[in-house]
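# Reading the structure
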Amino acid sequence: MLAFNFFGATEGGLFDINATLPLMAIQVVALTYILNALFFKPVGNVVEKREKFVSNNILEAKNKLSEVEKLESDLLSQLQSARSEAQRIVSDAENESDKLYKEALELANNEANASKEKARLEIESQTSAAREQLSKQATDLSELIVNRLILEK
Amino acid sequence: MFFNSLLTNFAALEVGQHLYWQIGNIRIHGQVFLTSWILLGALLIFISLGTKKMENDPKGLQNLLEFLWDYIRDLARTQIGEKVYRDWMPFIGTLFLFVFVSNWGGALIPWRLIKLPSGELGAPTADINTTIALALLVSLSYFYAGLSNKGWRYFEYYVHPTPIMLPFKILEDFTKPLSLSFRLFGNILADELVVGVLVFLVPLILPIPVMFLGLFTSAIQALIFATLAAYYIGEAVEEHH
């Protein structure tokens, strides 16, 4: 008898299904609307607003970061080009000075060679002139000696 | 002999006794509505307090409610899918909150201290009417979700991989609410009975681990109910290709 009652008789029991069911269903549907108005909508608005705010900020930060990276790379390339320009100028100047030095050296060498040559030629001509004069004087002297010897006889 | 005394003990726990209210010529289980009104009142007060002054930097209760909202959204989104989860989130969330509050309220509040003329207060979800009501709402919801999203193409679902599936899919429409309602009802009632019997037999210390287990089961059952409801709705709105 107890066992029969336990599993539900006409009155009472665990499986006593009655108007509680539809009323509970109506209550849950009403609760859905109430919770939607009191909880899901307001909290959702706040959370989604914040999520939007955060994602906007992240996007903005990313844009700024990429801008900064672009500027940095611009700056780097400028620096690079300035550096290579400077290097180019330095090496140009070095080449220029080297060229000038070589030219000056060559000019000086040429001049020195020319004056050396000139001096040599002068010495040679003077030597030959002196030699000539000497031989002429010797000739004159020998003539004189001969003449004197002949005349004294 | 032992079995008989056990049944007498059950009878002493007043299993299957109800506090009947007569409205016109319909009879309802008053204890279910009493506890559900108390618990839902507490839930609504809690939520009103938490959403009274919403700020962009959440503090205190608002934090907890936002966590809850996020949890429910994740649940709805993973089961229903990105496209329509927004429409069903309040329903899934209400199911979760209702079942969770009912289960925990039934387990945590010492209702038996309040004497009723007949029956006793307890978790509203330990009454078969409540769980069948919830399960039928889920059934209606997934039919509505499928029909409103896909129109008559919803019924393609019944013959989806092959027409052989048709009888099984039709059977599923009956087993889904059956399993939903009986799972919840059985778990919560069993927990109440186990705790009740243990308290009756050994009133000290021994029931405490079982009570903790009951809290765990209650939370898990709320999650299972909401997840399955969302899964059924997701299954109904899913597009087959």
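Criteria and thresholds
Along each chain, residue indices are assigned from 1 in the same order as the chain's sequence is written. Just so you know, chain letters begin at A and ligand numbers begin at 1, following the order they were written in. With pLDDT at 70 or above as the cut-off, local features in this predicted model cover only qualifying residues; side-chain atom pairs require 80 or more to be listed or tallied, and sums for whole chains, interfaces and linings still use all residues. Side-chain numbers come from the whole structure's heavy atoms, not from hydrogens or water. Each helix is a run of DSSP H or I of at least 4 residues and each strand a run of E of at least 2, with the numbering of both proceeding from the N terminus. Method for areas: the Shrake-Rupley scheme with a 1.4 Å probe, in which residue coverage is limited to the protein chains shown. In this charge count, Lys and Arg are treated as positive and Asp and Glu as negative; neither His nor the chain ends contribute. Every charge is mapped to an atom, namely NZ of Lys, CZ of Arg, CG of Asp or CD of Glu. For this analysis, residues touch if any pair of their heavy atoms sits within 4.5 Å. Buried area: the accessible area, evaluated with a 1.4 Å probe, that two parts lose upon being put together, summed over both parts. Within this document, salt bridges are pairs made up of a side-chain nitrogen of Lys or Arg and a carboxyl oxygen of Asp or Glu, the two lying within 4 Å of each other. Here the nonpolar group is Ala, Val, Leu, Ile, Met, Phe, Trp, Tyr, Cys and Pro; Asp, Glu, Lys and Arg are the charged ones; every other residue, Gly included, is treated as polar. Like-charged residues within 9 Å of one another, or nonpolar side chains (Val, Leu, Ile, Met, Phe, Trp, Tyr) within 5 Å, are grouped into patches, provided each residue has over 30% relative accessible area and no salt bridge. With a 1.4 Å probe rolled over the protein chains alone, any residue whose accessible area is under 20% of its type maximum counts as buried; one over 50% counts as exposed, and the rest are partly exposed. Put simply, two rings from Phe, Tyr or Trp (the six-membered ring, in Trp's case) pair if the centres are within 6.5 Å, and we call them stacked under 30 degrees between planes, edge-to-face over 60, tilted for the rest. A ring has a charge above it when a Lys NZ or an Arg CZ is no more than 6 Å from the ring centre and no more than 35 degrees off the ring normal. Helix span is expected to be 1.5 Å times the residue number reduced by one. What we call the bend at a residue is the angle made by axes fitted to the seven residues finishing there and the seven residues starting there. Strands pair, by our definition, only if DSSP identifies at least two bridges between them. In plain words, nonpolar cores are sets of buried Ala, Val, Leu, Ile, Met, Phe, Trp, Tyr and Cys residues tied together by side-chain atoms within 4.5 Å. Confidence per residue, as judged by the predictor, is encoded in pLDDT with a range of 0 to 100.

## Quick look at the overall build of chain A
Along its length, chain A carries two helices and zero strands. Overall, the C-alpha framework of chain A stretches about 200 × 35 × 10 Å when taken along its three principal axes. Only carbon and sulfur atoms are counted for the fraction: they give 62% of the accessible area of chain A, which is about 12300 Å². Charge separation in chain A, taken as the distance between the mean sites of 18 positive and 24 negative side-chain charges, equals 3 Å.

## Comments concerning the interface of chain A and chain B
With 36 residues of chain A in contact, the opposing surface of chain B contributes 52 residues. Both sides of the chain A and chain B interface together cover about 4000 Å² of buried area, and 73% of this is carbon and sulfur. Of all residues in chain A, Leu14, Phe39 and Phe40 of chain A give up the largest surface area on contact with chain B, accounting jointly for 15% of the area buried on that side. For Glu51 of chain A, the salt bridge identified is with Arg73 of chain B, shortest N-O distance 2.8 Å. When the residues that make up the side of chain A that touches chain B are grouped by side-chain class, the tally is 23 nonpolar, eight polar and five charged.

## Let's talk about a nonpolar patch on the surface
All names here are of chain A. Residues Leu141, Leu144, Ile145, Val146, Leu149 and Ile150 make up a contiguous nonpolar surface patch of about 570 Å² in total accessible area. Checked against the element boundaries, Leu149 lands in helix α2 (residues 20-152). Residue Leu149 is classed as exposed on the basis of its relative accessible area of 52%.

## Re the packing of aromatic side chains
Tallied over the full model, the rule gives 22 aromatic pairs over all chains. When the centroid spacing of 5.5 Å and the interplanar angle of 65 degrees are considered together, the rings of Phe15 of chain A and Phe185 of chain B count as edge-to-face. You can see Phe15 of chain A sitting in the loop between α1 (2-6) and α2 and its partner Phe185 of chain B sitting in helix α6 (residues 166-201), one on each of two chains. Given the relative accessible area of 34%, Phe15 of chain A is considered partly exposed. Among the residues examined, Phe185 of chain B registers a relative accessible area of 3% and is labelled buried. Every member of this aromatic cluster is reached through a ring pair, and the members are Tyr142, Phe143, Trp152, Tyr154, Phe155, Tyr157, Tyr158, Tyr231 and Tyr232 of chain B. Above the face of the Tyr20 of chain B ring, Arg27 of chain B is positioned so that its terminal group lies 4.5 Å from the ring centre. Looking at Lys169 of chain B, its charged tip hangs above the ring of Tyr157 of chain B, at a distance of 4.2 Å from the centre.

## Overview of α2 of chain A
Residues separated by three or four positions in an α-helix point in the same direction, a consequence of the helix having 3.6 residues per turn. The terminal C-alpha atoms of α2 of chain A, which comprises 133 residues, lie 187 Å apart, in line with the 198 Å expected from a rise of 1.5 Å per residue. Its axis deflected by about 50 degrees at Asn36 of chain A, α2 of chain A carries its strongest bend there.

## Concerning the pairing of strand β1 (residues 20-23) of chain B
Pairing between β1 of chain B and strand β2 (residues 26-29) of chain B: four bridges, direction antiparallel. Counterpart to Ile23 of chain B in the pairing with β2 of chain B is Ile26 of chain B.

## Focus on the nonpolar core
Membership of the largest hydrophobic core comes to 72 residues, with the highest contact counts inside it found for Phe39 of chain A together with Ile80, Ile92, Leu97 and Val138 of chain B. Of all the elements in the fold, those that place two or more residues in this core are α2 of chain A together with α2 (30-51), α3 (61-80), α4 (85-108), α5 (128-150), α6 and α7 (207-237) of chain B. With eleven residues, α4 of chain B is the single largest residue contributor to this core. Setting aside residues no more than four positions away along its own chain, Ile80 of chain B makes contact with Tyr85, Trp88, Ile92, Ala230, Ile233, Gly234 and Val237 of chain B.

## Concerning the confidence of the model for chain A
Averaged over all residues, the pLDDT of chain A equals 89, while 92% of them reach at least 70. A low-confidence stretch, residues 1-10 of chain A stays under pLDDT 50, and its non-local contacts, those more than four residues away or across chains, total twelve contacts.

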